[in-house]
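A look at the structure
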Amino acid sequence: MISERWAVTALRVFLVALFGILVVLETLSIPGSYAYMAEQNPAEAHLRWPSTIVSIFWVVCVQVVIVATWKLLTLVRKDLIFTEGAIKWVNVMVWAIAAAWVVLVGVFVWVGVHADDPGVIVLFFLFTSAVSVIGLVLVVMRALLQRATTLRSDMEAVI
C-alpha cells in the first residue's frame, strides 16, 4: 500500500506538471488557437477576444485550485489539516470552482441560444454537470473538514 508521504510527493509532482502545462496553455496555445480560428473564419472573428478571455479565466480558476491543493498538502505534511487554515484553502477552492461555474453557465446559455448543432448543447450540459458535481462534492468535503476540525479541537480541549 502506498504511504501518505509518497502519495503527497507524487501529487505535488503532478500538480507542478499540470500547473506548467496550464501556463503554456494560457499564454501560448489559447490565444494562438483563437487567433488562427479568427483568421480562418472571419465571420466569427468577433468571438476571438471574448472566447480567449473566458478560456483563460477558466484556466486561472484551475490554477487557483492547484495552488490551494498545494497549500492543503503542506498542511497534511505538517499534520495541521484539521485547522481553520485548511478550511480557508478549501473555501478558496470552492470560490474558484463557483466562479468558473457561473461563467460556464453564462457561456452555456449563450451557446444554447445561438447553437445550430444540438451536440454542442449536450457537450456544454456535460461540462456544466461535471463542474457542478465537483463543486458540490467539494462543499460536502468542506463540511466534513469543518466537523473534523471541531471534533479535534474539542478533543484537544479535553486532553
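Here's a quick rundown of the structure. No experiment lies behind these values; they were computed from the predicted model shown.

Our next topic: the packing of aromatic side chains. Taken as a whole and judged by the stated rule, the model has three aromatic pairs. For the pair Phe 108 and Phe 125, a centre-to-centre distance of 6.4 Å together with 50° between the ring planes defines the contact as tilted. Of this pair, Phe 108 sits in helix H3 (residues 84-114) while Phe 125 is found in helix H4 (residues 118-158), placing the two residues 17 residues apart along the sequence. What makes Phe 108 buried here is its relative accessible area of 19%. For Phe 125, a relative accessible area of 52% gives the class exposed. Here a set of aromatic residues connected by ring pairs shows up, and it is made of Phe 108, Phe 124, Phe 125 and Phe 127.

Okay, the pattern of salt bridges next. The tally for this structure, following the rule as stated, stands at two salt bridges. The residue Arg 152 makes a salt bridge to Asp 79 at a minimum N-O spacing of 3.5 Å. Of this pair, Arg 152 sits in helix H4 while Asp 79 sits in the loop between helix H2 (48-77) and H3, placing them 73 residues apart in sequence. Accessibility expressed as a relative area gives 47% for Asp 79, which makes it partly exposed. Glu 156 is the salt-bridge partner of Arg 152, the closest N and O atoms lying 3.3 Å from each other. Linking Arg 152 with Glu 156, this pair stays in helix H4, spanning four residues, or about one helical turn. The exposure class assigned to Glu 156 is exposed, which follows from its relative accessible area of 52%.

This part takes up H4. With 41 residues, H4 extends 60 Å from end C-alpha to end C-alpha; this agrees with the ideal 60 Å at 1.5 Å per step. All buried positions along H4 are accounted for by Phe 124, Thr 128, Gly 135, Leu 138, Leu 145 and Thr 149. At its buried positions, H4 is contacted by H3. If you check the start of H4, you find a side-chain oxygen 3.1 Å away from the backbone N of Gly 119, and it comes from Asp 117.

What counts and what doesn't
Each chain has its residues counted from 1, running along the sequence as written. In keeping with the predicted nature of the model, local features appear solely for residues at pLDDT of at least 70, side-chain atom pairs appear and are counted solely at 80 or more, and the whole-chain, interface and lining totals rest on all residues. As a rule here, side-chain values come from all non-hydrogen atoms in the structure, and water together with hydrogens is ignored. Classification of ring pairs rests on two measures: the distance between centres of Phe, Tyr or Trp rings, Trp counted by its six-membered ring, which must be within 6.5 Å, and the angle between planes, read as stacked under 30 degrees, edge-to-face over 60 and tilted in between. Elements are defined by DSSP. Helices are runs of H or I of four residues or more, strands are runs of E of two residues or more, and each kind is numbered from the N terminus. Burial classification: accessible surface area is computed with a 1.4 Å probe over protein chains only, and a residue below 20% of its type maximum counts as buried, one above 50% as exposed, and the rest as partly exposed. Here, a salt bridge means any Lys or Arg side-chain nitrogen found within 4 Å of an Asp or Glu carboxyl oxygen. Expected helix span is computed as 1.5 Å times (number of residues minus one). The criterion used for residue contact is that any of the two residues' heavy atoms lie within 4.5 Å. Throughout this description, a polar contact denotes any pair of N or O atoms lying within 3.5 Å of each other; where both atoms belong to protein, one of them has to be capable of donating a hydrogen while the other can accept it, and for residues adjacent in sequence the pair is counted only when both atoms sit in side chains.

Note that every value here comes from positions in space, so none of it alone points to a role or purpose.
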